[in-house]
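What follows is each chain in one-letter form.
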Amino acid sequence: MVDKLDGEARALALAGLPDWTTIGEPDGIRRRFAFTDFNEAFGFMTRVALLADKADHHPEWSNVYNRVDITLTTHDAGGLSQRDIAMATAIDALLAAR
């Protein structure tokens, strides 16, 4: 079982993810990514899908042309967990590497 992040642990975890926005329903984090075109956006989604599958943690997302919206939450924990923080950090690292 994965625990939901609360209090100081939550604040510390979120401090390292300044580009992600906290959301209330579901309790989690969200970020919008914009790319030059559909191919670049879809390529990014493919790389995220490989990371997510390996981590057995799958984002809620949508794609419209050059935009990808990702929401991370851990349903088993009832909200934001360390798994979401790790996934967001890995996603951010993909962008930094391009």
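Residues numbered from 1 in each chain as written. Predicted model: local features only at pLDDT ≥ 70, side-chain atom pairs only at ≥ 80, totals over all residues. Heavy atoms only, no water.

Caption draft 1: Spatial organisation of the nonpolar core. Counting 23 residues, the largest nonpolar core has W20, F33, F44, I70 and I91 as its most contacted members. Those elements that provide at least two residues to this core are α1 (7-15), β2 (27-34), α2 (38-55), β4 (67-72) and α3 (82-97). At 6 residues, the largest contribution of residues to this core is made by α3. (Core = buried A, V, L, I, M, F, W, Y, C linked by side-chain atoms within 4.5 Å. Buried < 20%, exposed > 50% of the residue type's maximum accessible area, 1.4 Å probe, protein only. Helix = DSSP H or I, 4+ residues; strand = E, 2+ residues; numbered from the N terminus.)

Caption draft 2: The packing of aromatic side chains, seen in detail. Within this structure, the stated rule accounts for 4 aromatic pairs. Relative to F33, the ring of W20 lies with its centre 5.9 Å away and its plane at 75°, an arrangement referred to as edge-to-face. Within this pair, whereas W20 is found in the loop between α1 and β1 (21-24), its partner F33 is found in strand β2, the two being separated by 13 residues in sequence. Assessed through its relative accessible area of 6%, W20 is described here as buried. Residue class for F33 comes out buried when judged on its relative accessible area of 3%. Ring centres of F35 and F44 lie 4.9 Å apart, and the angle between their planes is 40°; this geometry places the pair in the tilted category. (Phe/Tyr/Trp six-rings, centres within 6.5 Å; stacked < 30°, edge-to-face > 60°.)

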